[in-house]
Structure formats: C-alpha cells, structure tokens
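# Remarks on the overall topology
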Amino acid sequence: MVEFQEKCRVASIDQMASDVYRLTVHAPLIAAAAHPGQFVMVRVADRYDPLLRRPFSIHQQSSGGTLGLLFKTIGKGTNILAAVTVGDSLDLIGPLGRGFDLERERPVCIIGGGMGIAPLCFLARQLLLSDRQPEMDHVLLGARNREELSPLVDDFIDLGYPVQTATDDGSMGQHGYIPDLLDAVLPAVSRVYTCGPHPMMKIIVEKCRQADVSCQVSLETHMACGLGACLGCTVPGADGKYVHVCRQGPVFYGGEVAW
Amino acid sequence: MVAASDTKELQVRIGSLTLRNPVMTASGTFGYGREFSNLVNLHRLGGIVVKGISLLPRPGNPPPRIVETACGMLNAIGLENVGVERFITEKMSFLKGLDTPVIVNILGDSVEEYGEIAHRLDGVEGISGLEVNISCPNVKKGGVAFGTVPEMAATVTGAVRQATRLPIIIKLSPNVTDIVLMARAVEEAGADGISLINTLIGMAIDTKTRKPRLANVIGGLSGPAIKPVALRMVWQVASAVSIPVIGIGGITTVDDAMEFLLAGATAIQVGTANFYEPSAPEQIIQGMKEYLHQQGEHCIRDIIGTLQTGI
C-alpha cells in the first residue's frame, strides 16, 4: 500500500442538494493509485479548530488526475469544506485502506444508502473495465428524498446500470428502505457490494449470509490519522478481536465484523 | 536509505543517547514507525518513540475511542498493543534497519511487569532507549496511577533502572498536584531523562443523547489545546532537575518547539500533530536551522533554557 500527501487544487465544487456537495480536486498521484473503496484524509483548513483531517471515500476518479468527493454538511469540517472555491488548495493524504475486491463473477448487486453511495460510483465505473455488461447487474439506491437521490442515480444510469430506488419520504422510487428491494434480486446475484447506514448494512449482510452470497461492506468511523497509528477507528470483529477500519478496512466482507 | 546529512548544529544528548536533532515522534501517535514510512523521511528524525508496549498484548477499549474537541482531541485507546514478544519479532525487523534512534515506550500494571519488559528489551538490536509510561494504574495498589505518587514513580524507575543498561526516560503524567515532586523523585531513582507531558484527563458529552462521547467516559486530552499547560510544566521541571527534559504537548510548528527549548527542554516530541500534519516533525527540523540563523546562534544547545525572565 502506497499513499501520498498532495496539495490539491480545487477544480470544482457543486451543490447537489440543500446539504450535499460534490468536490473535485486535482490529485494526480492519489488518483493514479486509487482503487474503489479506498479513502482520503482531507485537511479542510490550515487551522487548529477543527484539528483533525476528515476521512472521505473516493467518489470519482479520472485518468486526468482528478478525484471527486461527495459529502453532506454535518458539522464544522464539512461546513468549511462546502465553502471552498475553485482554485483553493486542499491537503489530502491517500489513497488509504483496503478497497473492494473486484471479481469477475456476475451479476453483482450494488446497494447504497445516502452518502454511502459515494464510493459505489467509483466501483461501478471500475467494474465496467472487465468487459462487464452493466444491464445484467442490479443497483439499489436509497436516500431521504428525491432531491438527494436523483443526481446520484443519474451517475449509474449514465454508465448503463439499471437502477431501483427507494426514499424515506416516498418522493422517488419505493417508499421505504433499500433492503426491502434486495429480496427480489438476491437469488440472481453472485456478489453484493454495499455502503450506507449501519442498520441498512446489517440487514443486507444478514440477508446475504442466509442466501450464501458474498457481501462486501464499506464501514465509516471516526478516525484521527487514517494510517493505522491512532487506533481510534476500531470496530468489533467477528472473532471478538477489534479490527481497525483505516487499514484492515474500510471495506470488509460481511462476516469479518460483528454486527 | 541515505542518512540525513545534518551537521552537528542540531545535535543533542539524552544521557548516553545522541540525537541528530531534538525532534522525536511521541508514543501512540506514530505507530511502530512503518505506518508513516511513505509520508515521512524517517531517517531525518531525531528519534522515534514507538507505541507503548506491555508484557502481554492488550486489546484496548471499546469504541468510540476518540473525539475531537476544540483545538485538541480526547482519546481512550486503552493502550492497545501487540505485547513485547510480538513487538520484538514483528516490529523490530523494520525498526532496526533505520538509521534513527528507536525508543520503546513501556507500560505495566505492576512494578514487576515494568522490570520484566525492560529486561526483555535489554540487548535487543536496534533499541536505543526506553521511555517509561507511568500514567498507568498500579493494580496492586487499588489502581492509583504510578505517576501520581512520588514513591511509586521512584520504585518503577528503580525497577527499570535495575533491569536494563539502556538509557531510560520517564514520561510524567500532568494529572498531579506538584509536577516538580514527581520529576525529582524519578531523577533520584536513576532516570536519564524526563519527558512530559502525557495527556490531561478530560471528557466530552453528547448533549442530544446525554451520553459520553467516549465509551470509556474519560480520556486523555492532547493537541494544541494543552500546549500552554505543557510548557509551564516543562519550565518548572527543567528549572528543578539536572537531567535532560523532553517537552511534549501540542507541538505543531517550529515556534512551538522553540518555546519548549527556551523553557529548558533539551528535545521535544511531536504527538497529535502527526495525525493532522505528518510533515510537522520534518518542518520543525528545517525550521530549527532557520531559527538558529535568524538568532545568530551556531548550535541548538546554546538555545536550551535561555528564557529571559528578567525585565
């Protein structure tokens, strides 16, 4: 695993919904080494409050050396990040962590909830590189409402994936939760990739276990360094020992963590 | 693997240990060194203090273990580490290849455990010194931290002194009434140096859920928020003992580092800053050379303890 620290120029910042932003930066070293499911640690400002870098999964990557990050403004760090302008400089460390295992087995099912959809866009694009026919795969996406979900759905449709949706308020797709959509497609898929709220992933992991379908999950925790030094990002592993999300993850097989 | 070509202008000594410059990385913030090897030129550092090691592996505390606070962070990692045997077999092979002094931070539940770890590490190739974390609870004495009772701190220091020929640095806890009493006690018991401060005990609460933000409820505060407290304690200790003092606490910039040296520290450790700015130690080393030039001094040793308190 090789990571870089790069001063990155902001190429664009787009407001996707009232509190959701897509940030694109020039990060040629990180972009060239990035694998779907990996993340970056972003220093949102050169100041002591907020002090720590913020972890963001890699949402998009281009051969031109850009990285896309998708985030919701939830606190001090993300509010500062939402206020950057084109040309600003941001300090990034990455790519970090273990990403998704990309197997040729198909069809696959990609399941994302809310901001958890972010790394799945990069995954979906990368999966196409191995002569895949996206129309055979399944993409299930959920969010609070249409405003939040719609722009993200477009990314997958543009790649040729069929997308099913669910929203908490019923404003787009099914009124309800994403795992409800899984039952119908699970018998037909050989592999599931998911990222989203913890309760959603817990249900999906259990459904996959019962159906004996391989399931990879991307976890989110607080972390101070992203490098395996602070040991702050622990979650309980399936064997009773702690695992560190930054180095052993953030992508795990469902059976590797205790739910 | 080219060793940094620092001239001797930044060289300092801690007991028998010579450091090419006064900038080390603090225990618990730099893993076992290797974690930072892609981002930091380890050969430029004055020293690397590795994650605290206990006799047996420790799993650490349940999550959440860290929380950010204003200009700082709280941690309750629970001293998670691989234990002394795995440290020697798994971590030393990388560390002994470095042309940088490696100082092993050790911790224990009992005086005997400190002595045993020190004995086990004595003579292991690639280890230049020990730093003794005495902020741990003494299980046999009802869980009172060794570092809060001068007699207990002295006993631990003496046990480690007996068990090893390596230079020993005692890392003091700031959670005491009189830091100078602690410093004098460990100096008399045979310490070669004193490092301070360890974290200040603190807590944070989520008012929505009414729950503590750390599963352990309380944790250690670190980062720029604690620097003034650390600087005051370093100044008090350096004024009271004759062994070298290593300053720790919120150091991020060369200006921070020079404050500690002026207050009497012979060397410094960069801690939490490694998390948010891994280049901080290298920037400080470079900045020290520039500081010497600006001040018209030739050698960092001439700066140490030159705080001008008169008017």
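If you're wondering where the values come from, they're calculated on a predicted model, not measured in any experiment. (Residues numbered from 1 in each chain as written. Chains lettered and ligands numbered in written order. Predicted model: local features only at pLDDT ≥ 70, side-chain atom pairs only at ≥ 80, totals over all residues. Heavy atoms only, no water.)

## Considerations on the packing of aromatic side chains
To keep things clear, this is the line we draw: For Phe, Tyr and Trp, rings pair up if their centres lie within 6.5 Å, where Trp contributes its six-membered ring, and each pair is then called stacked (planes under 30 degrees apart), edge-to-face (over 60) or tilted (otherwise). Runs of E in the DSSP output that reach at least two residues are strands. Runs of H or I that reach at least four are helices, and both are numbered from the N terminus. Accessibility here uses a 1.4 Å probe with only protein chains present; expressed as a share of the type maximum, an area under 20% marks a residue as buried, one over 50% as exposed, and anything in between as partly exposed. Our definition puts a charge over a ring when NZ of Lys or CZ of Arg is within 6 Å of the ring centre and also within 35 degrees of the ring normal.
Per the counting criterion, the structure on display carries 8 aromatic pairs over all chains. Centroid distance Tyr21 of chain A to Phe71 of chain A: 5.7 Å. Interplanar angle 15°. Geometry classified as stacked. Remark: Phe71 of chain A occurs in strand S6 (residues 66-72) and Tyr21 of chain A occurs in strand S2 (residues 20-26); sequence separation between them is 50 residues. Overall, Tyr21 of chain A belongs to the buried group, its relative accessible area being 14%. Of the residues examined, Phe71 of chain A reaches a relative accessible area of 2% and is grouped as buried. Taking the centre distance of 5.9 Å and the plane angle of 45° together, the rings of Tyr32 of chain B and Phe87 of chain B count as tilted. Of this pair, Tyr32 of chain B sits in the loop between strand S3 (23-25) and strand S4 (47-53) while Phe87 of chain B is found in helix H1 (residues 83-95), placing the two residues 55 residues apart along the sequence. Here Tyr32 of chain B and Phe87 of chain B have matching classes, each one buried. Every member of this aromatic cluster is reached through a ring pair, and the members are Tyr21, Phe56 and Phe71 of chain A. The residue whose ring lies beneath Arg65 of chain B is Tyr242 of chain A, and the NZ or CZ to ring-centre distance is 5.0 Å.

## A closer look at the sheet that holds strand S4 (residues 54-57) of chain A
Residues and elements named next belong to chain A. The criterion, for reference: Pairing between strands is defined by DSSP: at least two bridges between them are needed. Only heavy atoms matter for contacts: two residues are in contact if any of them lie within 4.5 Å across the pair. Helix axes are fitted to C-alpha atoms over the stretch in contact, other axes to C-alpha atoms as well, and angles between N-to-C directions run from 0 to 180 degrees.
The 7 strands lie next to each other as S4-S3-S7-S1-S2-S6-S5, forming an open sheet whose pairing is antiparallel. Strand pairing shows two members of the sheet lacking a second neighbour, S4 and strand S5 (60-61), which therefore form its edges. Where strand S1 (residues 4-17) meets S2, 7 bridges bridge the pair, whose relative direction is antiparallel. In the sheet register, Ala17 faces S2, and the bridge partner there is Val20. Sheet contacts for helix H4 (residues 146-158): S1, S2, S5 and S6; angle to S1, the most-contacted strand, approximately 120°.

## A closer look at the domain arrangement of chain A
Residues and elements named next belong to chain A. Cut-off, in case you're wondering: Boundaries between domains were set according to an automatic or database domain assignment. Defined here as a combined quantity, buried area equals the accessible surface (1.4 Å probe) lost by two parts on assembly, summed across both. Think of a salt bridge as a Lys or Arg side-chain nitrogen and an Asp or Glu carboxyl oxygen that are within 4 Å of each other. Here a polar contact means two N or O atoms within 3.5 Å. Within protein one must be a hydrogen donor candidate and the other an acceptor candidate, and residues neighboring in sequence count only if both atoms are side-chain atoms.
The assigned domain composition of chain A is domain 1 (4-96) and domain 2 (108-218). Each of domain 1 and domain 2 has a C-alpha centre, and these two points are 23 Å apart. Buried surface at the junction of domain 1 and domain 2, summed over both partners, amounts to about 1400 Å²; 64% is from carbon and sulfur atoms. Three residues, Pro36, His59 and Leu70, lead the burial of domain 1 against domain 2; their summed loss comes to 34% of the area buried on that side. In this structure, the connection of domain 1 to domain 2 is made through 3 salt bridges. Where Arg144 meets Asp19, a salt bridge forms, and the shortest distance between an N and an O atom there is 3.0 Å. Taken together, domain 1 and domain 2 are joined by 6 residue pairs in polar contact (both at pLDDT 80 or more).

## Here we look at the state of the cysteines
Residues and elements named next belong to chain A. Counted only if it meets this: Whenever a pair of cysteine sulfur atoms sits within 2.5 Å, that pair is classed as a disulfide.
Across all of its chains, the model carries 0 disulfides over all chains by this definition. No disulfide involves Cys230; its sulfur sits 3.9 Å from that of Cys225, the nearest cysteine. Judged by relative accessible area, Cys230 falls into the buried class, the value being 5%.

## Some words on the sheet that holds strand S7 (residues 102-106) of chain B
Residue and element names in this part refer to chain B. Reading around the barrel, the 8 strands line up as S3-S4-S7-S8-S11-S12-S17-S18 and close back on themselves, with parallel pairing between neighbours. For this sheet the average axis-to-axis angle between neighbouring strands, irrespective of direction, equals 25°. Across 3 bridges, strand S17 (residues 245-248) lies against strand S18 (residues 267-270) in parallel orientation. Residue pairing for S18: Gly247 is matched across the bridge by Ile268. On top of the sheet, H1 reaches S4 and S7; it is set at about 155° to S4, its chief contact.

## Observations concerning the pattern of salt bridges
Under the definition given, this model contains 28 salt bridges over all chains. In this structure, Asp99 of chain B and Arg20 of chain B form a salt bridge, with 3.3 Å as the shortest nitrogen-oxygen distance. One end of the pair, Asp99 of chain B, is in the loop between H1 and S7; the other, Arg20 of chain B, is in the loop between strand S2 (17-19) and S3, and 79 residues separate them in sequence. A salt bridge links Glu80 of chain B to Arg65 of chain B, with the nearest nitrogen and oxygen atoms 2.6 Å apart. Within this pair, whereas Glu80 of chain B is found in the loop between strand S6 (72-75) and H1, its partner Arg65 of chain B is found in the loop between S4 and strand S5 (66-69), the two being separated by 15 residues in sequence. Accessibility classification places Glu80 of chain B together with Arg65 of chain B in one group, the buried group. A cluster of three or more residues bridged by salt bridges with shared partners is formed by Lys7, Arg43, Asp46, Arg53 and Asp91 of chain A together with Glu277 of chain B.

## Brief notes about the environment of Gly287 of chain B
Mapped onto the elements of the fold, Gly287 of chain B is located in helix H8 (residues 280-295). In sequence terms Gly287 of chain B and Pro224 of chain B are 63 residues apart; their C-alpha atoms lie 18 Å from each other.

## Section: the packing of helix H5 (residues 227-240) of chain B against helix H6 (residues 254-262) of chain B
All names here are of chain B. Definition in use: With respect to orientation, any angle under 35 degrees is reported as roughly parallel, any angle over 145 as roughly antiparallel, any angle of 65 to 115 as roughly perpendicular, and every other angle as oblique. Gly counts as polar in this scheme, as do all residues outside two lists: the nonpolar Ala, Val, Leu, Ile, Met, Phe, Trp, Tyr, Cys and Pro, and the charged Asp, Glu, Lys and Arg.
Two elements in contact, H5 and H6, have axes separated by 9 Å at closest approach and are oriented at 25°. Considering the angle they form, H5 stands roughly parallel to H6. For the pair formed by H5 and H6, the contact residues are Lys227, Ala230, Leu231 and Val234 on the first element and Asp256, Glu259 and Phe260 on the second. Looking at side-chain class alone, the contact of H5 with H6 contains 4 nonpolar, no polar and 3 charged residues.

## Topic: H4 of chain A
Residue and element names in this part refer to chain A. Definition in use: One fewer than the residue count of a helix, multiplied by 1.5 Å, yields its expected span.
Given a rise of 1.5 Å per residue, 13 residues ought to cover 18 Å, and the 18 Å separating the end C-alpha atoms of H4 matches this to within 8%. If you check which residues of H4 are buried, you get Glu148, Leu149, Leu152, Val153, Asp155 and Phe156. At the N-terminal end of H4, a side-chain oxygen is found 3.2 Å from the backbone nitrogen of Glu147, two or three residues along, and the residue is Asn145. Positive backbone phi, approximately 100°, marks Gly160, located one or two places after H4.

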